Each structure stands twice: as structure tokens, then as C-alpha cells.
Amino acid sequence: MDAQTQIELEAAAFRRLQKHLMDDRTDVQNIDMMNLAGFCRNCLSRWYQEAAGERGIEMSKDEGREAFYGMTMAQWKSEYQTDSTLEKDAAFRVAFDENVTKKNG
């Protein structure tokens, strides 16, 4: 497989993951994703923002989220985010520390 085809396939897989999370499974909460998998939609939007930065494209956190979510964070929260629990919040702090804080240093 040539490099351009690989890039196109990877981009297609990313777009399908994005569609799955943003259209097909809006019921799955970010906190649950982070607690189970160590990443969530916000991580994906941050990675998008970081990739833009690596290419000299300035993008704020909010711009990265809007690019990934296809809407503002406030709109996402009002339409799809549900209340958390104390247990989920505690597990999130651990997962965030292990998967974000310690890895970013």
C-alpha cells in the first residue's frame, strides 16, 4: 500500500469513529469512555488541536472541540450530557490522571 492510500484510509477510519461517537452513540457519556477506555471525545478533539499545532495552525481548545464535535461544547452538553455520579467522578479523576496528566507531564 502506498503512503497516500494509507493516509486516506486512516482519515476515513477517523471520520467513521467521529461519526460513530457524534451521531450513532450520543448516549455514551465522555466520563464513561474515559473511565473505561482512557480517552473520550474531548481527548480526540485535543489530539485534533495538537495535530493542527504541529502543522503551524493555531487552534484554541474551544475551536478544536467545535471542529471535532461539529457544534459548541455548550450545545453538546445541553443536548447530550447527563448528570454524573460521585463514583463516576472519582473514577474519572483517576483515569484522567493516568491517561492525560501523567502522559503530558
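Refer to the structure presented above.
Conventions we followed
- Residues numbered from 1 in each chain as written.
- Predicted model: local features only at pLDDT ≥ 70, side-chain atom pairs only at ≥ 80, totals over all residues.
- Heavy atoms only, no water.
- Helix = DSSP H or I, 4+ residues; strand = E, 2+ residues; numbered from the N terminus.
- Buried < 20%, exposed > 50% of the residue type's maximum accessible area, 1.4 Å probe, protein only.
- Lys, Arg positive; Asp, Glu negative; His and termini not counted.
- Charge placed at Lys NZ, Arg CZ, Asp CG, Glu CD.
- Phe/Tyr/Trp six-rings, centres within 6.5 Å; stacked < 30°, edge-to-face > 60°.
- Arc of directions from axis to C-beta.
- Contact = heavy atoms within 4.5 Å.

A. Main features of the overall build of the protein. Along its length, the protein carries six helices and zero strands. Counting from the amino terminus, helix and strand elements in the protein follow one another as α-α-α-α-α-α. In the protein, which comprises 105 residues, the share counted as buried stands at 26%. For the protein, the centre of its 14 positive side-chain charges and the centre of its 19 negative side-chain charges are spaced 3 Å apart.

B. The packing of aromatic side chains, seen in detail. Tallied over the full model, the rule gives six aromatic pairs. Seen from their ring centres, Phe 39 and Trp 47 are 6.1 Å apart, and the 25° between their planes marks the pair as stacked. Look at Trp 47 and you get partly exposed, because its relative accessible area is 40%. Relative to Phe 96, the ring of Phe 92 lies with its centre 5.6 Å away and its plane at 35°, an arrangement referred to as tilted. With a gap of four residues between them, Phe 92 and Phe 96 both fall in helix 6 (residues 86-104), about one helical turn apart. Classification of Phe 92 by relative accessible area gives partly exposed; the value is 27%.

C. Layout of helix 4 (residues 61-69). Those residues of helix 4 that sit buried are Gly 64, Arg 65, Phe 68 and Tyr 69. On an axial view of helix 4, the arc spanned by its buried residues comes to 120°, and they lie on one face. The inward-facing, buried residues of helix 4 abut helix 1 (3-24), helix 2 (30-37), helix 3 (41-54) and helix 5 (73-80). The first or second residue beyond helix 4 is Gly 70, which carries a positive phi of 75°.

D. Fine view of the environment of Val 94. Mapped onto the fold, Val 94 is located in helix 6. On the basis of relative accessible area, Val 94 is assigned to the partly exposed category, the value being 47%. Between the C-alpha atoms of Val 94 and Gly 38, which are 56 residues apart in sequence, the distance is 9.7 Å.

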